[in-house]
Amino acid sequence: MKKEIKFSLVYRDMFQSSGKFQPLAEQLEKIAPVIVEMGCFARVETNGGAFEQVNLMAGENPNKAVRSFTKYFHEAGIQTHMLDRALNALRMFPVPADVRRLMYKVKKAQGTDITRIFCGLNDVRNIIPSIKYALEAGMIPQATLCITSSPIHTVEYYTEMADKLIEAGAPEICLKDMAGIGRPAFLGKLVKSIKEKHPDIIIQYHGHSGPGLSMASILAVCENGCDIIDTAIEPLSWGKVHPDIISVQAMLKDAGFKVAEIDMNAYMKARSLTQQFIDEWLGYFMDSNNKLMSSLLLTSGLPGGMMGSMMSDLAGVYKGINGILQSKGKPIYNTLDELMVELFNEVAYVWPRVGYPPLVTPFSQYVKNIALMNILSRAQDEPRFSRMDESMWGMILGKSGQLPGEVAPEIVELAKEKGYEFTTTDPQEFYPDVLDKYIKEMEELGWERGEDDEELFEFAMHDRQYRDYRSGAAKERFLADIEKAKEGELAKQGISIEEIKAIKHAKAEPIAAPEKGQLLWEVSFDGASMPPAIGRKFAADELFCTIITPWGELQSVSTGLGGRVVEICAAQGQQVRRGDIIAYIQRDGLFE
């Protein structure tokens, strides 16, 4: 029998590759023991990437979610791992060094064992400090190679990168094939090259299934010494996500590898629970296109997880671009697919000219956006690269790290015309420490720094989202988004606005005006006075609004038993009559 291959379940990435949100703590606590019961996973991806930020956007404390999710796996002896963007840590832009260092202390205390550290530019200067910080905190740093396919991304390029990361202290290497475009033979050669020089280093392969190469790639890396394979489970496996554990286990078992058995009863329970989470609300924010595989991804190299947002962007500019082309007497794009192919061709043109950045977050978005802006510029008879914003230029100038390839002379010349300067300075030097500032503000606001300074970390990492979480604004927006998404789904089914209202009102009670007069939802001195957000929760007998009667009396309107707002029927300052319905409140805990 061949060597043992272990499996990891990338439960976090299953959702991030499928839609906008992640399961909440209550849902994670339900699924965790079932994942354990499956008996086949040595590791589970529990957090990192966009997990914490998205939790805040849903009005939930991510620290509690991480602790509650990791607890079950620790008790079962299963290792947990997170995704870490090196210089960018858990967000889309650079993070000061003191916040990066604190992150590893916090995540270790919360129960995360391994941090998968990647830099979207493969710049080891951004990864090596994170290796050091993780080791200091007692975590296992898994240094990552972002896999793409270009003339400069050779086996030698990646092997040399792995050498530097291992020399810096990384005991593990991850091959992050984020678009699933790594060619199987190439990946096998790369694993063999690393293993020949570093036989004791653990190698984990992470590949997306979008272009259709993933199963061949998994077999190739395992035949050449890979130790651990990332997998998914239904109903979110395949498509542009990840291969399913059942298929991967069966293939490797047949090839003679030692693999863990799957408790199929537990698998079906996990499958059912995950579908339940989708049906409850997560599915409202999932793009059905992400369930489809596409060989077209090989031509662009763009990661499958961003195809949904890309198609949305294209749909948004499709009519506008055609309108410009028509006004200039040029041929139009007859279908959205024609524009998509044109975008893929433009990405192929742009990518080498901006230095071949690996097409992974956030640089895949930058390259795609440059290509899209070029198409728009050409329609208006403007030169390519004339519509690049600050973030795009930041990538090109070296402010996020060193690009793998050379920037094209035409872009270098354009930078000179704009007075921009290229830099080779370590990107971290542009971002001074900030924790003292956040500690001082938390003291002034009376906010606790939290267990193991986890609240301090969250505030410093996700400033705006954390403030919205603390104020309750995030939760209100989240519940309003759910309500709007539900209405959108009903409308797609051909249900009229009147019927949708009837469905909403079926489980809600009206709040009626007790007197005639002018309705005041609030009095705001900072901007427009606004009614409460859809989904906002009111306690029993809490003040709901005020009516100024014609005889000058201020008539308070309370919520009675309390509940969540499902519809607002009257505007700020509107004249209402006694008995007019001004809102509907749902009492039955549907949103709980």
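Look a little higher up for the structure.
Fair warning: this is a prediction, and the values are worked out from it, not measured in the lab. (Residues numbered from 1 in each chain as written. Predicted model: local features only at pLDDT ≥ 70, side-chain atom pairs only at ≥ 80, totals over all residues. Heavy atoms only, no water.)

K.L.:
Got a sec to walk through the overall build of the protein? Specific residues and values, please.
P.N.:
What the protein contains, in helices and strands, is 22 helices and 16 strands. Projecting the C-alpha coordinates of the protein onto the three principal axes gives extents of approximately 90 × 65 × 50 Å. Here the protein, with 592 residues, has 55% of them falling under the buried criterion. The contacts of the protein with a sequence gap of at least 6 include a subset with a gap of at least 24, amounting to 76%. For the protein, the separation between the mean place of its 65 positive charges and that of its 81 negative charges on side chains is 2 Å. (Helix = DSSP H or I, 4+ residues; strand = E, 2+ residues; numbered from the N terminus. Buried < 20%, exposed > 50% of the residue type's maximum accessible area, 1.4 Å probe, protein only. Contact = heavy atoms within 4.5 Å. Lys, Arg positive; Asp, Glu negative; His and termini not counted. Charge placed at Lys NZ, Arg CZ, Asp CG, Glu CD.)

K.L.:
Talk me through the sheet that holds strand E15 (residues 575–576); I want residue IDs and the actual numbers.
P.N.:
Pairing in this open sheet of four strands is antiparallel, and the strands run E13-E12-E10-E15 from one edge to the other. Taken across any chain shown, the strands that pair with only one partner, and hence form the sheet edges, are strand E13 (554–558) and E15. Bridge count between strand E10 (residues 517–520) and E15: two bridges; the pairing is antiparallel. Within the sheet, the bridge partner assigned to glutamine 518 lies in E15 and is glutamine 575. (Pairing = 2+ DSSP bridges.)

K.L.:
Got a sec to walk through unusual backbone geometry? Specific residues and values, please.
P.N.:
Residues glutamate 234 and proline 235 are joined by a peptide bond in cis, for which omega reads 10°. Relative to the assigned elements, proline 235 resides in the loop between strand E8 (228–231) and helix H10 (245–254). Positioned with a positive phi, tryptophan 238 is a non-glycine residue whose angle comes to about 65°. Among the structural elements, tryptophan 238 can be located in the loop between E8 and H10. A relative accessible area of 26% means that tryptophan 238 is categorised as partly exposed. Here the phi dihedral of aspartate 453 falls at roughly 60°; this positive angle occurs in a residue that is not glycine. Following the sequence through the fold, aspartate 453 ends up in the loop between helix H18 (435–445) and helix H19 (454–461).

K.L.:
Go over the pattern of salt bridges, please, and point to the residues and values.
P.N.:
Applying the stated criterion across every chain, the model contains 31 salt bridges. Notably, a salt bridge pairs glutamate 52 with lysine 107, separated by 3.0 Å at the nearest N-O pair. Of this pair, glutamate 52 sits in helix H3 (residues 51–57) while lysine 107 sits in helix H5 (residues 97–110); the two residues are 55 residues apart in sequence, bridging distant segments of the chain. Given a relative accessible area of 0%, glutamate 52 falls into the buried group. (Salt bridge = Lys/Arg side-chain N within 4 Å of Asp/Glu carboxyl O.)

K.L.:
Outline the sheet that holds strand E7 (residues 202–207), supporting the account with residue identities and numerical values.
P.N.:
Pairing in this closed barrel of eight strands is parallel, and the strands run E1-E2-E3-E4-E5-E6-E7-E8 around the ring. Direction aside, neighbouring strands of the sheet carry axes that sit 30° apart on average. The sheet strands contacting helix H4 (residues 62–76) are strand E2 (43–48) and strand E3 (79–84), and the helix crosses E2 at an angle near 170°. Of the strands in this sheet, strand E5 (140–146) and strand E6 (172–177) are in contact with helix H7 (residues 155–167), which crosses E5 at around 160°. (Axes fitted to C-alpha atoms, helices over the stretch in contact; angles between N-to-C directions.)

K.L.:
I'd love a proper account of the pairing of E3, names of residues and values included.
P.N.:
For E3, a buried count of five out of six residues is recorded, marking the element as mostly surrounded by other parts of the structure. For E2 and E3, the ladder comprises five bridges, and the chain directions are parallel. Counterpart to arginine 43 in the pairing with E3 is glutamine 79. Across four bridges, E3 lies against strand E4 (residues 114–117) in parallel orientation. Residue pairing across strands places histidine 81 opposite isoleucine 114, the latter belonging to E4.

K.L.:
So what's going on with the nonpolar core? Which residues, and what values?
P.N.:
The biggest cluster of nonpolar side chains holds 151 residues, and the ones touching the most others in it are Tyr11, Leu145 and Ile173. By residue number, the principal contributor to this core is helix H15 (residues 363–379), which donates nine residues. Judged by nonpolar contacts, the second largest core, of 15 residues, contains Trp521, Cys545, Val576 and Ile585. (Core = buried A, V, L, I, M, F, W, Y, C linked by side-chain atoms within 4.5 Å.)

K.L.:
Which residues make up the environment of glutamate 515, and what values do they have?
P.N.:
Looking at the secondary structure, you find glutamate 515 in the loop between strand E9 (508–512) and E10. Taking the C-alpha atoms as reference points, glutamate 515 and tyrosine 157, separated by 358 residues in sequence, lie 76 Å from one another. Setting aside chain neighbours within four positions, we find glutamate 515 in contact with Ile547, Thr549, Trp551, Gln555, Val576, Arg577 and Arg578.

K.L.:
So what about H18? Which residues, and what values?
P.N.:
Listed in full, the buried residues belonging to H18 are Leu435, Tyr438, Ile439, Glu441 and Met442. Summarising the axial view, the buried residues of H18 lie within an arc of 165°, below the 170-degree limit, and thus occupy one face. For H18, exposure combined with an orientation more than 90 degrees from the buried face picks out Asp436, Lys440, Glu443 and Glu444. Where H18 is buried, its residues contact H5, H19 and helix H20 (463–471). Looking one or two residues beyond H18, the residue adopting positive phi is glycine 446, at roughly 75°. (Arc of directions from axis to C-beta.)

K.L.:
So, the packing of helix H2 (residues 25–38) against H4: which residues are in play, and what are the values?
P.N.:
Taken N-terminus to C-terminus, the directions of H2 and H4 make an angle of 10°; their axes are 9 Å apart at the nearest point. Comparing their axes, H4 and H2 come out roughly parallel. As H2 packs across H4, the resulting crossing turns out to be right-handed. For the pair H2 and H4, contact is made by Ala25, Leu28, Glu29, Ile31, Ala32, Pro33, Ile35 and Val36 and by Ala65, Ser68, Phe69, Tyr72, Phe73 and Ala76, respectively. Here the contact of H2 with H4 is built from residues that sort into twelve nonpolar, one polar and one charged. (Parallel < 35°, antiparallel > 145°, perpendicular 65-115°, else oblique. Left-handed = near helix turned anticlockwise from the far one by under 90°. Nonpolar A, V, L, I, M, F, W, Y, C, P; charged D, E, K, R; others polar.)

K.L.:
Explain the packing of aromatic side chains to me, using residue names and the numbers behind them.
P.N.:
If you walk through the whole model with that rule in mind, you get 23 aromatic pairs. When the ring of phenylalanine 21 is compared with that of tryptophan 281, the centres are 5.7 Å apart and the planes differ by 65°; the resulting orientation is edge-to-face. Of this pair, phenylalanine 21 sits in the loop between helix H1 (11–16) and H2 while tryptophan 281 sits in the loop between helix H11 (264–280) and helix H12 (297–300); the two residues are 260 residues apart in sequence, bridging distant segments of the chain. A relative accessible area of 3% means that phenylalanine 21 is categorised as buried. Judged by its relative accessible area of 8%, tryptophan 281 falls in the buried class. Relative to phenylalanine 544, the ring of phenylalanine 538 has its centre 5.0 Å away and its plane inclined at 75°; by these criteria the two rings are edge-to-face. (Phe/Tyr/Trp six-rings, centres within 6.5 Å; stacked < 30°, edge-to-face > 60°.)

K.L.:
Describe H11, naming the residues involved and giving the relevant values.
P.N.:
The end-to-end C-alpha distance of H11 is 24 Å, a good match for the 24 Å that 17 residues give at a rise of 1.5 Å each. Turning to H11, its buried residues number three or more, namely Ala266, Tyr267, Ala270, Leu273, Thr274, Phe277 and Ile278. Seen from one end, H11 has its buried residues packed into an arc of 145°, which puts them on one side. In this structure, H11 carries Asn265 and Asp279 as exposed residues pointing more than 90 degrees from its buried face. (Expected span 1.5 Å × (residues − 1).)

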